[in-house]
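Each chain, written out:
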Amino acid sequence: MVMTRTTPSTDEILQIEPAWKDEVHPDWIDVNGHMNIRHYVDLGGHSTDQVCRAMGIDDDYRAQRRMGVFTAEQHLTYLQEMRLGTPITVHVRTLERSAKVGHMVALIMDRSKDQVACIFETVLVHVNMDTRRGVEFPEDVATAYDRLVAQDLALDWPAPTCGILGPRAR
């Protein structure tokens, strides 16, 4: 399967409120003089976690309802390096879900250039924290997730996905 991906414009991405804001810190720099790979993963993970928290999947949810989400798959595409002090925003699209699985993409922006530095795509499985097995999203969380998907569908540009991840792949 050959996929073509169009990187969204800055104007398109800025239609989505940032889920995370930061800058490249000195301890994020690797031996090549740019931000190390693990921090792109952290930024994507922190940002999608913020969206999950907005849906109600937060610390109280995990403690009281004994459910949460586990990462099942990720795909990262690096488009440009980021260096010390680069301002960052991360914008998350909530793409789709099944009864137990969610699919999101986080667009990590280099705000000094207003360009996408990395596309972080993730598949999250909703789990029972005691059995550690996938379970259906409860109705309130499913409704909140669907609300975010509807907002995403209102955008008039395609989400830049790799084409192989998502609920149907799980």
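The present account deals with the structure reproduced in this document. Since we're looking at a predicted model, the values are computed, not measured.

Cut-offs applied
- Residues numbered from 1 in each chain as written.
- Predicted model: local features only at pLDDT ≥ 70, side-chain atom pairs only at ≥ 80, totals over all residues.
- Heavy atoms only, no water.
- Core = buried A, V, L, I, M, F, W, Y, C linked by side-chain atoms within 4.5 Å.
- Buried < 20%, exposed > 50% of the residue type's maximum accessible area, 1.4 Å probe, protein only.
- Helix = DSSP H or I, 4+ residues; strand = E, 2+ residues; numbered from the N terminus.
- Contact = heavy atoms within 4.5 Å.
- 1 Å grid on protein atoms, 1.4 Å probe; cavity = no way out; pocket = protein on both sides within 12 Å on 5 of 7 lines; lining within 4 Å.
- Points joined across faces, edges and corners; volume = space filled by probe spheres on them.
- Nonpolar A, V, L, I, M, F, W, Y, C, P; charged D, E, K, R; others polar.

**Topic: the nonpolar core**
Link 1 in the chain: The biggest cluster of nonpolar side chains holds 28 residues, and the ones touching the most others in it are M35, M82, I88, M104 and I108.
Link 2 in the chain: Those elements giving two or more residues to this core turn out to be α2 (37–55), β3 (87–97), β4 (101–110), β5 (115–128) and α4 (139–153).
Link 3 in the chain: Ignoring any residue separated from it by four or fewer positions in sequence, one finds I108 in contact with Y40, L43, G44, M82, I88, T89, V90, Q115, V116, A117, C118 and F120.
Link 4 in the chain: Counting 11 residues, the second-largest nonpolar core is a separate cluster that includes V105, L107, V116 and A159.

**With respect to the layout of surface pockets**
Link 1 in the chain: Considered as a void within the structure, the largest pocket measures approximately 220 Å³ in volume.
Link 2 in the chain: Together, 13 residues line the largest pocket, and I16, V92, T94, L148 and Q151 are the ones closest to its centre.
Link 3 in the chain: Looking at the lining of the largest pocket, the elements with two or more residues in it are α2, β3 and α4.
Link 4 in the chain: In terms of residue class, the lining of the largest pocket is built from 8 nonpolar, 2 polar and 3 charged.

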